[in-house]
Each structure stands twice: as structure tokens, then as C-alpha cells.
Amino acid sequence: MQTALLPMLKAWEEQDMASGVDFVVSFRGKPVKHIRSAWKEALQRAGITRHIRPYDLRHAFATEAIRAGTDYGTVAQLMGHSSPVMVMRHYQHVRNDQKTAAIEAIPTPEACVQKERGHGVSRNPLISLVGSTGLEPVAPAL
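(A) Spotlight on the overall build of the protein. Assigned secondary structure in the protein consists of 8 helices and 2 strands. When the helices and strands of the protein are read in sequence order from the N terminus, they spell out α-β-β-α-α-α-α-α-α-α. Of all 142 residues assigned to the protein, the portion counted as buried reaches 14%. Sequence-distant contacts in the protein: of pairs separated by 6 or more residues, those separated by 24 or more amount to 20%.

(B) Representation of the confidence of the model for the protein in the model. Scored by pLDDT, the protein has a mean of 77; 75% of the residues are at 70 or more. Looking at the elements of the protein, mean pLDDT is at its lowest for helix 8 (residues 125-130), recorded as 52, and at its highest for helix 4 (residues 72-79), recorded as 94.

(C) Representation of a nonpolar patch on the surface in the model. Among the surface-exposed residues, L5, L6, M8, L9 and W12 lie close enough to one another that they form a single nonpolar patch of about 510 Å² accessible area. In this structure, W12 sits in helix 1 (residues 5-18). Residue W12 is classed as partly exposed on the basis of its relative accessible area, which comes to 46%.

(D) Representation of the side chain of H59 within the structure. As for its placement among the helices and strands, H59 is situated in helix 3 (residues 56-67). When its relative accessible area of 15% is taken as the criterion, H59 is described as buried. A polar side-chain atom of H59 sits 3.5 Å from the main-chain carbonyl oxygen of H90. Beyond its immediate chain neighbours, meaning those up to four positions away, H59 contacts H90, Y91 and H93.

(E) Representation of the nonpolar core within the structure. Core analysis: the biggest nonpolar cluster contains 8 residues, these being A62, A65, I66, V75, A76, M79, V87 and Y91. If you list the elements that add at least two residues to this core, you get helix 3 and helix 4. In contact with V75, other than residues within four places in its own chain, are F61, A62, A65, I66, T70 and V87.

(F) Quick peek at the pattern of salt bridges. One pass over the structure, following the stated rule, counts 4 salt bridges. A salt bridge links D56 to R53; the shortest N-O distance between them is 2.6 Å. Accessibility expressed as a relative area gives 22% for D56, which makes it partly exposed. Given the relative accessible area of 41%, R53 is considered partly exposed. The partner of R67 in a salt bridge is D97, with the nearest N and O atoms 2.8 Å apart. Taken together, the residues span a long stretch of sequence, with R67 in helix 3 and D97 in helix 6 (residues 96-104) at a distance of 30 residues. Taking relative accessible area as the criterion, R67 reaches 38% and is therefore assigned partly exposed.

(G) Representation of helix 2 (residues 35-46) within the structure. In this model helix 2 runs 16 Å from its N-terminal to its C-terminal C-alpha over 12 residues, within 8% of the 16 Å that 1.5 Å per residue would give. Looking one or two places after helix 2, you find G47, whose phi comes out positive at around 75°.

About the thresholds
- Residues numbered from 1 in each chain as written.
- Predicted model: local features only at pLDDT ≥ 70, side-chain atom pairs only at ≥ 80, totals over all residues.
- Heavy atoms only, no water.
- Helix = DSSP H or I, 4+ residues; strand = E, 2+ residues; numbered from the N terminus.
- Buried < 20%, exposed > 50% of the residue type's maximum accessible area, 1.4 Å probe, protein only.
- Contact = heavy atoms within 4.5 Å.
- pLDDT = per-residue confidence, 0-100.
- Patch = residues over 30% accessible without salt bridge, like charges linked within 9 Å, V, L, I, M, F, W, Y side chains within 5 Å.
- Areas by Shrake-Rupley, 256 points an atom, 1.4 Å probe, with all protein chains shown as cover.
- Salt bridge = Lys/Arg side-chain N within 4 Å of Asp/Glu carboxyl O.
- Polar contact = N/O pair within 3.5 Å; in protein donor to acceptor, adjacent residues only side chain to side chain.
- Core = buried A, V, L, I, M, F, W, Y, C linked by side-chain atoms within 4.5 Å.
- Expected span 1.5 Å × (residues − 1).

Dropping the structure here:
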């Protein structure tokens, strides 16, 4: 699902400018000077009891952007890094649904069997080890 985040941010910027707010993070027209207390209050108001740091939002952004198909270079640039290596090493967190999808993407041994000139020889090393019909070993060809 894609959201219209940019238009929403533009609308907020216009509202702030119209009311004379010149700060990126503000509350009731005044700058937020101490993010810790503002963050704690925001979590409380939202009913969030889990310990979440503002910095965790960077990790969530990187993870979700990469999961959505954004390349590492773009994510690194948006996060202010000079190289995508930092993003690859520290920011992408693999989600359980991604692990499940990776496992489910592995074809079954039966699906990997490739006949070579009608002799039933498999080119897939997994099939050579486990056999084309189950987990019994395949006798080596003489």
C-alpha cells in the first residue's frame, strides 16, 4: 500500500508557515527543545507501552524502505550516509515474513529435476544427493 506522505508533509509545512511556525519539530507553535519528554508524552498519549526510542524510527524507515524495493544507495542518501554500506551493515532488519517468503521460494527437489537427454540425470546437486523421489540417496552413475 502506498501512501501520499509527501503531500501530507507539504500540507503540514504550509499550515506551519501560515501560523508562523519556523521549527521542524514544534508543539502548539513552539519549538520542541527536549525530545525526550516530548517523545515520552507522545508514546503515552498513543497508548504505546513498549520501549521505543526516537532513533528506532531510523531503523524502521530503512527496513521498510528496503523491504518496499528502494535500493540501498537511495536509502543511504535519504538517511544522510555517504555510502550504502552503512545501511547494509546496520539498518536493515529482516522481518519474519521475509524469512518465511525466502524459505517458501525454495523449489522442492522434485521441481528441480532436469532430465538430460532422456536419461534422468539431474543437473541439480541437491537432487544428486537426495534423489528425485525423496530423501533416499542416489546410487552414483557408473
